[in-house]
Amino acid sequence: MNERITLLVDGRRVEAEAGRPLGAVLHGEGNPIIRHTARRHEPRGLFCGMGVCFDCLVTIDGRPGVRACVTPVSDGMRVETGRS
Ligand code: FES
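Residues numbered from 1 in each chain as written. Predicted model: local features only at pLDDT ≥ 70, side-chain atom pairs only at ≥ 80, totals over all residues.

(A) Inspection of the pairing of strand β2 (residues 12–17) at higher detail. Sheet topology places strand β1 (residues 4–9) next to β2; six bridges connect them, and they run antiparallel. Considered in β2, the bridge of valine 9 is made with arginine 12. Taking the residues between adjacent antiparallel strands as the criterion, β1 and β2 are bridged by two residues, where aspartate 10 takes a positive phi near 50 degrees. (Pairing = 2+ DSSP bridges. Helix = DSSP H or I, 4+ residues; strand = E, 2+ residues; numbered from the N terminus.)

Dropping the structure here:
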């Protein structure tokens, strides 16, 4: 069994398996929406799941525009989604 880590998602503590893709962790919370588009406020979530479509962009540790589907989670990571 892999190590369990804790990250913060929109200020909430979330436990996950170390190294698991962030997109999978977010999807596993039961909410498929990761962000809303800026202009039309349309929901976006995992679409391609392999770093191509950019639908899963989040902010990690203050760095915006990170693709959740290809980013492994790590302990203490601070994630801001565009969920609203
Ligand atoms: S789901 Fe397509 S880039 Fe992440």
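Next comes the rest of the write-up.
(B) Main features of unusual backbone geometry. For aspartate 10, which is not a glycine, the phi torsion comes out positive at approximately 50 degrees. Along the chain, aspartate 10 turns up in the loop between β1 and β2. The exposure class of aspartate 10 is partly exposed, given the 13 C-beta atoms found within 10 Å. The phi dihedral of aspartate 61 is positive, around 50 degrees, even though this residue is not glycine. Along the chain, aspartate 61 turns up in the loop between β5 (57–60) and β6 (63–67). Owing to 12 C-beta atoms within 10 Å, aspartate 61 belongs among the exposed residues under this scheme. (Buried ≥ 20, exposed ≤ 12 C-beta atoms within 10 Å, placed from the backbone.)

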